[in-house]
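# Analysis of the macromolecular model
The lines below spell out each chain.
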Amino acid sequence: MLNKIAVIGGGNIGGVLVQEIVRRKLARNVALMDVKDPELAKGKALDILEGSPVLPADIKVEGSKEYDVIASADMIINTAGVPRTTRPDGTIPTREELLATNLKITDSVSAGIQKFCPKATIISIANPLDAIVYRLYMNLKPPREKLMGMAGVLDSNRYSYFVAEAAGVSVENVQALVMGGHGDDMLPIRSACRIAGMPVEKFVPADKLDAIEERTRKAGGEVVKLLGVGSAFVSPAWSALEMAEAIIFDKKKIMCVSALLQGEYGVDGLFIGVPALLGANGIEKIIELDFTDAEKEGFKKSITSVQKTKEEVIAMAK
Ligand code: APR
């Protein structure tokens, strides 16, 4: 149990996060910060506190429109940003189209973290994922262990679910890994996908796996279309908590996170989804996978698109 976790952005994802942090008793103090009128964060905090005797959980939950509520948090989970939502003409913006708006929001989030809890471990969820994490890095310059983005865990969970469904097995039997940027070029690693320790191809035919991988790349958009308003919020919150629990309980658990590469995979200075070992110190190790030739090409393509967005982030900061 940590002393304090602060969630920034109290919308759909932030609301699920605070509920689950309280239910799972991950911290003695939970802060929820959101700028929305009249007092969205206070309202969500009060709602959860009034339910706390049911659990029961003696956890202090405080909501506020002001950043001082996050003071001295050990961990920050950042969800502040505009989600993808279906436009009136029926089209859906790409995650990259959210960039300008969400970068401005990220600058104010960074200032709040800098002022009130500069040493906190940060898990960021806002989109476009790798770009927002890069902006947090530009603004805060934390040690690389302490800043990471949540996307690969969600993409891997989506892939696992689709594989389990196709194979007719428990989700507990499937291990999956989706690497790369959190965009259409993300890379489901078929060679790393196992069902009860056996290669996935033993259970699911190759053409079905092609379709599952394509569905995984587009899975966020599929939910956006179905919801009509906003984007997926339960699975992203649960996925971020899988990362938070690995850190809080020092699990040394390997999962795919957006991390700052410093020479790994031949890349320097870019945040992109790679397998990492998470423990009490945050990102304790980055694992370098032996790719097949096709996977190597796919990862290169994903690096190129994340690099392009990174350059836009830098240009927009000028
Ligand atoms: N500080 C704090 N909160 C902010 C700020 C800010 N500067 N600017 C906006 N917010 C809040 C909004 O008021 C809103 O309540 O962020 C919240 C975002 O919540 P939702 O709109 O419900 O979005 P959600 O589905 O939770 O997704 C949040 O995560 O997956 C990504 O694409 C998604 O970027 C989006 C983010």
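Remember, predicted model here, so these are calculated numbers, not experimental data. (Residues numbered from 1 in each chain as written. Predicted model: local features only at pLDDT ≥ 70, side-chain atom pairs only at ≥ 80, totals over all residues. Heavy atoms only, no water.)

### A short note on the overall build of the chain
For the chain, the count of helices and strands is 9 helices and 14 strands. Considered along the principal axes of its C-alpha atoms, the chain spans approximately 50 × 50 × 45 Å. Relative to its full complement of 318 residues, the chain shows a buried share of 52%. If you take every contact in the chain between residues at least 6 apart in sequence, the share linking residues at least 24 apart comes to 71%. Of the roughly 14,200 Å² of accessible surface on the chain, 54% is carried by carbon and sulfur atoms. Looking at charge distribution, the chain has the averaged site of its 39 positive side-chain charges lying 2 Å from that of its 41 negative ones. (Helix = DSSP H or I, 4+ residues; strand = E, 2+ residues; numbered from the N terminus. Buried < 20%, exposed > 50% of the residue type's maximum accessible area, 1.4 Å probe, protein only. Contact = heavy atoms within 4.5 Å. Areas by Shrake-Rupley, 256 points an atom, 1.4 Å probe, with all protein chains shown as cover. Lys, Arg positive; Asp, Glu negative; His and termini not counted. Charge placed at Lys NZ, Arg CZ, Asp CG, Glu CD.)

### Thoughts on the layout of surface pockets
Its volume calculated, the largest pocket comes out at about 810 Å³. The set of elements that each furnish at least two residues to the lining of the largest pocket consists of helix 1 (12–23), helix 2 (40–51), helix 3 (99–116), helix 5 (152–167) and helix 7 (219–227). Tallying contributions element by element places helix 3 first for the lining of the largest pocket, with 4 residues. A class-by-class count of the residues in the lining of the largest pocket yields 21 nonpolar, 13 polar and 6 charged. (1 Å grid on protein atoms, 1.4 Å probe; cavity = no way out; pocket = protein on both sides within 12 Å on 5 of 7 lines; lining within 4 Å. Points joined across faces, edges and corners; volume = space filled by probe spheres on them. Nonpolar A, V, L, I, M, F, W, Y, C, P; charged D, E, K, R; others polar.)

### Concerning the site of the ligand
Near the ligand lie 22 residues; those nearest to it are Asn12, Ile13, Asp34, Tyr67 and Asn127. Asn127 is positioned with one of its backbone polar atoms (N or O) 3.0 Å from an oxygen atom of the ligand. Protein contact buries 89% of the 730 Å² of open area that the ligand shows by itself. Here the ligand occupies the largest pocket. (Near = heavy atom within 4 Å. Polar contact = N/O pair within 3.5 Å; in protein donor to acceptor, adjacent residues only side chain to side chain. Sits in = over half its atoms within 2 Å of the grid points.)

### Let's talk about the packing of helix 3 against helix 4 (residues 129–140)
In a pair of packed helices, the angle between the axes and the distance between the axes together describe the arrangement. Relative to each other, helix 3 and helix 4 sit at 40°, their axes nearing to 9 Å. As summarised for this structure, helix 3 and helix 4 are arranged oblique, according to the angle between their axes. For the element pair helix 3 and helix 4, the recorded crossing hand is right-handed. Along the contact surface, helix 3 presents Leu99, Asn102, Leu103, Thr106, Asp107, Val109, Ser110, Ile113 and Gln114, while helix 4 presents Ala131, Ile132, Arg135, Leu136, Asn139 and Leu140. Of the residues that constitute the contact of helix 3 with helix 4, the class distribution is 8 nonpolar, 5 polar and 2 charged. (Axes fitted to C-alpha atoms, helices over the stretch in contact; angles between N-to-C directions. Parallel < 35°, antiparallel > 145°, perpendicular 65-115°, else oblique. Left-handed = near helix turned anticlockwise from the far one by under 90°.)

### Points about the side chain of Asp34
Tracing the backbone shows Asp34 in the loop between strand 2 (27–33) and helix 2. Of the side chains bearing the opposite charge, Lys36 lies closest to the buried Asp34, which forms no salt bridge; the N-O distance is 6.0 Å. (Salt bridge = Lys/Arg side-chain N within 4 Å of Asp/Glu carboxyl O.)

### Brief notes about empty space enclosed by the protein
Counting across every chain of the model gives 1 cavity of 30 Å³ or more. Contributing to the lining of the largest cavity are 14 residues, with Ala151, Gly152, Asp155, Gly180 and Gly273 lying nearest its centre. Within the residue set of the lining of the largest cavity, elements represented by two or more residues are helix 4, helix 5, strand 8 (178–179) and strand 12 (253–262). For the lining of the largest cavity, the element with the most residues is strand 12, which contributes 3 residues. Across the lining of the largest cavity, the residue classes tally to 6 nonpolar, 6 polar and 2 charged.

### Let's talk about the side chain of Arg144
Here Arg144 shows up in the loop between helix 4 and strand 6 (147–149). Only 2.7 Å separates the side chain of Arg144 from the backbone oxygen of Leu260, close enough to count as a polar contact. Within polar-contact distance, the side chain of Arg144 engages the side chain of Glu264 at 2.7 Å. Setting aside chain neighbours within four positions, we find Arg144 in contact with Leu260, Leu261, Gln262, Glu264, Ile283 and Ile286.

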